[in-house]
Amino acid sequence: MLRRKTARLVMGAAIAVTALWSTTAMAETVRMWTFLNPEGTAPREVALAQIVKDFEAANPDIDVVVEPQVWDQMTPKFLAAHGSGSAPDVIWVVTDFLGDAIQSGSLADLNELLVNNWPEEKKADFKDAYWDLTSVDGKQYGIFTSRNYISLVYRPDLLAEAGINPEDLKTWDDLRAAAEKLTVKDASGNVTRYGFSAAYSEQQADPHPMIPHILASGEPLFHPDGKANFASDAGVKGLEFYTQMIKDGLSPSQAATWTVDDLFEQFASDRIAMIQGSAVRISTLQSKLGKDKVSMSLWPGVEAGKHSPAVMAGWSVGIWSGSKSQEAAAKFVDFMLADPGDKLWTEVGGQIPGMKSTLTELKEFISQPGNEYLSVAATGAAEAGWLSPIEFSVGGYRQALNRATQQVLVEGKDIKAALTEAEEHFNRQNGR
Amino acid sequence: MTSRSTGLLYIVPAFSALLLVLFSPVFYGVWFSLHHIRFGTVGNFVGLRNYSYLLTDPTFSGTISRTVFHTSLSVILTVAISLALALWVHSLPPRRGFLVQMIVIIPWITSTVVATLLFKWVFVSDIGMAMSILRMLNLPDIQFLNDPNSAMGLLIAVSVWKRLGYALIILLAGLKSIPEDYIEAASLDGAGSWQTFQHIILPLLKTPLLLVVIVLTLSNINTVESPLVLTGGGPGSATRILAIDVFDRAFVNYDLASATSLALIMFLCNVLLVLAYVRLSKWKV
Amino acid sequence: MKSAATMPRRNLVPWKGMLVGLLFGCLVVLNLAPLIWGFLTSLKSEADLFRFPPTLFDFEPTLENYRRVFASGFGQSLAVSLTYSTITVVMVLLLGVPAAYAFDRFEFPGRKPLLLLVVASIPLSLGAAALLIPNYIYFLKLGLTNHFYTLPLIYTAHQLPMAIWIIKGTMEGIPRELDEAAIADGAGHFTILRLVILPLILPGLGAAGVMAFVGSWNEFVASTVMVDNPALRPVQPAIYNFIGYFGREWGPLSAAAILGILPILIVFTLLGRLIVSGLTKGSVKG
């Protein structure tokens, strides 16, 4: 079937000549969907291109065809393609939809294809919260890459200017005090730089920064039956913490409708000193501002010395259960995510390592100025991280919390009422 | 011209393409929406359950009324402004008229997301040009998106801005097809210019106006890109219109059943609107 | 220039030239500022992109963004889009002319409802993002995804209803006496279409063709979903590639966007007048 497809493709080559010819060789083809374009010039894209090239050189009998996708349509499209029996061999699934992908039966068991052949050390090398998330009933449905840790991103130069040592941000009160110090006004009283901000638009929403407050209190974000649990005391307090900063002028009121991209552009133009930000974006920010001007730290705690858990996310790479080239695909996944891919992702792509051994092997690289965020995120992932559950679908939880924030800020709605409404909205949308 | 089957023969190629690409997917969509959808695959037949779920959604009526408001205001403003512009351009010497026309169509021929992103960066963002100039003049910032009413206003303004070029071109063509003598005859009769416009030009522009109104209405209802980029439905639910609602159901909540059902309801409204317009204008086919 | 421009050549209608001139002045700012800003942005290095307050000209211009854009395969996307749009225009005219001819000159069962169906299907071709997944499944099941003809086929169907409308309108303006004279000479229907009608509707074909070209050039939703092979991807997804999961890369994004607008601007500069005069001939006649 696949070969017939290739053949038909070739017949159409009259229009788009060159790139198609590579698929006509006798080699086995492995198709992969990802949001990265291996022809692109961003660091991660360069890393991927290098990995594919090295792999094909080492395995001349296998052709890897990367088919870049629009990232937010990729998982729905993959599941639809799975239902129709024509999905790609290798697929990247975003954390929030991982449960759906596994339950739909679209992902093959990597234990059988790959992991069972690994030496014990290699398995241990990968074992962490991400690994456990994708391991269900003794089957392994994916290996994570592009790991994301969403916590406090700050400007070390501005903090130093204000006499703040980032190590001293131990409690939420410390964070607020720092934000006060970092907020700068001009002569006429207009704020020229805000102390802290997050982005609260419903589009491209990052998880709300109140979630660490909830998790630190020991409350879960979702009940075991999948119903939302946003309006707990910790939740109310958490949301109040951020809305109060806006009301007091430490955070911009415009943040109510900012997307994450807006937030990062504001940060890049010196308008904000600290933001909620994700580790995966730091290398991009550093290329704009300079390596020494962007750093990351774990969230403060309710009490000193105990960091609040940050939301983690990422992309789980799996193999399609209907693939005819599962073995070749497994070979590639191994190469891409374990050896030697993991090092390339880190060194070339600026990504958090997936294997503990990479952390030690690249010790020197990671300790270079500007690269510390890699170890901060890696430590955080091991000690103070939270991954959204996969037993039930959680699509829309980020949006529900952001909408509640907008209602509090713009409509003056009571915090508890807004969160309760967010719970109801989430439950209804997910049929709970 | 009597052969009854010859006509059919001539439309067969076009209709085969339409049937394959446009019509059949709708039937498939209807069939799809009558089933339980899980993980993007079709499950058990559930009848109209997906639809009744939609209609009982407490946010539904608000979304509909915002959509009606947004669409009707955008269409009225676009038609009014483009008509004024078209009359003006028509009175200009050809070269200058063409230049005006080229400037007005720029937003229309730029891809929606990029055009909206650039518009937002230059005029709305507080790190953009417009706000910097305001600050240089010691004027306060304008935060369009912090207030529900101004956010909706901005959304409508951008919709008008984006589609003005299309409306201008069609109306201009309509104006040019009105024979010069009609207007001259009217002026000889001593009809004032407003009366000339009202009684001669407007009726002759009926068909192009109809086309413009139909296309503008439909594209306002269905376009998701610019509201997504501009407001994301916020603040609160102030700019949450149908297109965003459908998009979020499909790609944020991954609830394909309700997204498809809602899209089909929208589609039905679109068709009814077209038929209503055609009816109202007594368009002869 | 403004006051000169508002001098009415023909005293058509009731209005205040000044007011419209002012309105147009606003439009010039609203339309050109983003375009100019986008162009300047495309010449900025990463470090200059987000300086605050923003700078208009105080930066070191660089072609780095354009180099990056072409390095990521944009040239090929441009060629693909050009091919797709041209095929679409040809197909739309090939299918649209006979259909318009039939609707205008023949009486056949179901003529009226079918023509209404054509008009009613205009919304179907306007970004039905919500029906994306069912549509995708439908195309998958027929094996129509991921071929060189996939997108031209879809674009053709999208652009057909509007084209049929425009072309039929143009034909309405051609006196039927011409047909009858040709019939008297013994010509068949097809000969009439080819030799009598076609030469007279060229402006209408131009208008329909340019509309189809612009429509297929700017199409985004289907082009992201219906093909996977990078060699088959047209220009819009290639532009959007720079609005990625890791944020907007404004430098290459604006460079790609500028490159994406250019062909359309050229088409319009060359054929813009044709559109208006083509539409004038009929479709929009009262």
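Conventions used here
Residues numbered from 1 in each chain as written. Chains lettered and ligands numbered in written order. Predicted model: local features only at pLDDT ≥ 70, side-chain atom pairs only at ≥ 80, totals over all residues. Helix = DSSP H or I, 4+ residues; strand = E, 2+ residues; numbered from the N terminus. Rg over C-alpha atoms; globule rule 2.2 N^0.38 Å. Buried ≥ 20, exposed ≤ 12 C-beta atoms within 10 Å, placed from the backbone. Contact = placed C-beta atoms within 7 Å. Nonpolar A, V, L, I, M, F, W, Y, C, P; charged D, E, K, R; others polar. Pairing = 2+ DSSP bridges. Axes fitted to C-alpha atoms, helices over the stretch in contact; angles between N-to-C directions. Parallel < 35°, antiparallel > 145°, perpendicular 65-115°, else oblique. Left-handed = near helix turned anticlockwise from the far one by under 90°. Domains from an automatic or database assignment. Core = buried A, V, L, I, M, F, W, Y, C linked by C-beta atoms within 7 Å. pLDDT = per-residue confidence, 0-100.

(A) Just the overall build of chain A, in detail. When helices and strands are tallied, chain A shows 21 helices and 12 strands. Scaling as 2.2 N^0.38, a compact globule of 432 residues should have a C-alpha radius of gyration of about 22 Å, and chain A matches this with 23 Å. Seen through its principal axes, chain A has C-alpha atoms that stretch 70 × 50 × 50 Å. A burial count over chain A gives 56% of its 432 residues as buried.

(B) Molecular detail of the overall build of chain B. When helices and strands are tallied, chain B shows 13 helices and 2 strands. On the principal axes, the C-alpha backbone points of chain B span a range of 75 × 70 × 30 Å. The burial tally for chain B puts 53% of its 285 residues in the buried class. Counting only contacts in chain B whose residues sit at least 6 apart along the sequence, the fraction spanning at least 24 positions is 69%.

(C) Region of the structure containing the interface of chain A and chain B. With 30 residues of chain A at the contact, the number on the chain B side is 21 residues. Residue assignment for the side of chain A that touches chain B shows that the elements contributing at least two residues are helix H4 (71–83), helix H5 (98–103), helix H13 (260–268) and helix H20 (397–410) of chain A. Ranked by residue count, the leading element in the side of chain A that touches chain B is H4 of chain A, at 6 residues. When grouped by side-chain class, the residues that make up the side of chain A that touches chain B number 6 nonpolar, 18 polar and 6 charged.

(D) View of the pairing of strand S1 (residues 35–38) of chain B. Residues and elements named next belong to chain B. Pairing analysis gives 3 bridges linking S1 to strand S2 (residues 41–45), with the strands arranged antiparallel. Residue pairing across strands places isoleucine 37 opposite valine 42, the latter belonging to S2. Adjacent in sequence and paired antiparallel, S1 and S2 are bridged by 2 residues, among which phenylalanine 39 carries a positive phi angle near 55°.

(E) Just the packing of helix H12 (residues 242–251) of chain B against helix H13 (residues 256–280) of chain B, in detail. Residue and element names in this part refer to chain B. The N-to-C vectors of H12 and H13 enclose an angle of 155°; their axes lie 7 Å apart at closest approach. Considering the angle they form, H12 stands roughly antiparallel to H13. Crossing angle aside, the handedness with which H12 passes H13 is left-handed. Contacts between H12 and H13 involve Leu242, Asp245, Val246, Arg249 and Ala250 from the former and Leu256, Ser258, Ala259, Leu262, Ala263 and Met266 from the latter. Residue composition of the contact of H12 with H13, by class: 8 nonpolar, 1 polar and 2 charged.

(F) Examining the environment of glutamine 101 of chain B more closely. Within the secondary structure, glutamine 101 of chain B is located in helix H4 (residues 94–109). Among residues more than four places away in sequence, those in contact with glutamine 101 of chain B are Val89, Leu168 and Leu172 of chain B together with Gly272 of chain C.

(G) Structural context of the domain arrangement of chain A. Residues and elements named next belong to chain A. The assigned domain composition of chain A is domain 1 (2–141 + 313–383) and domain 2 (150–309 + 390–429). Relative placement of domain 1 and domain 2: their C-alpha centres are 31 Å apart. Residue assignment for the side of domain 1 that touches domain 2 shows that the elements contributing at least two residues are H5 and helix H19 (372–383). Considering every element that reaches the side of domain 1 that touches domain 2, the biggest residue donor is H19, with 5 residues.

(H) Layout of the nonpolar core. Phe332, Val333 and Ala377 of chain A, Leu171 of chain B together with Ile167, Ala208 and Ala256 of chain C are the most contacted members of the largest nonpolar core, which has 310 residues in total. Residue contributions to this core peak at 17 residues, all from helix H7 (residues 148–176) of chain B. For alanine 208 of chain C, the residues in contact, after removing those within four places along its chain, are Val92, Leu93, Gly96, Ala163, Ile166 and Ile167 of chain C.

(I) Looking closely at helix H14 (residues 282–289) of chain A. Within H14 of chain A, the full set of buried residues consists of Ile282, Ser283, Thr284, Leu285 and Lys288 of chain A. Positive phi appears at glycine 290 of chain A, one or two residues downstream of H14 of chain A, with a value of about 110°.

(J) Spotlight on the interface of chain B and chain C. On the side of chain C, 86 residues touch chain B, which itself brings 96 residues to the contact. The element contributing the most residues to the side of chain B that touches chain C is helix H1 (residues 4–33) of chain B, with 19 residues.

(K) Examining the pairing of strand S11 (residues 310–319) of chain A more closely. Residue and element names in this part refer to chain A. The buried fraction of S11 amounts to 10 of the 10 residues, a majority that puts the element mostly inside the structure. Every second residue of S11 is oriented toward a common face, with Ala310, Met312, Gly314, Ser316 and Gly318 on one face and Val311, Ala313, Trp315, Val317 and Ile319 on the other, all of them buried. As paired elements, strand S3 (residues 90–94) and S11 share 5 bridges and run antiparallel to each other. Bridge pairing links isoleucine 91 to glycine 318 in S11.

(L) Representation of the confidence of the model for chain A. For chain A, the mean per-residue pLDDT works out to 90, and 94% of the residues sit at or above 70. For residues 1–25 of chain A, every residue scores under 50 in pLDDT, and the model assigns this stretch 28 contacts once sequence neighbours within four places are set aside.

(M) Spotlight on the packing of H4 of chain A against helix H7 (residues 132–141) of chain C. Contact geometry for H4 of chain A and H7 of chain C: axes closest at 10 Å, N-to-C directions at 35°. When the axes of H4 of chain A and H7 of chain C are compared, the crossing they make is right-handed. Of H7 of chain C, the residues touching H4 of chain A (which contributes Pro76, Lys77, Ala80, Ala81 and Gly83 of chain A) are Ile133, Tyr136, Ile137 and Leu140 of chain C.

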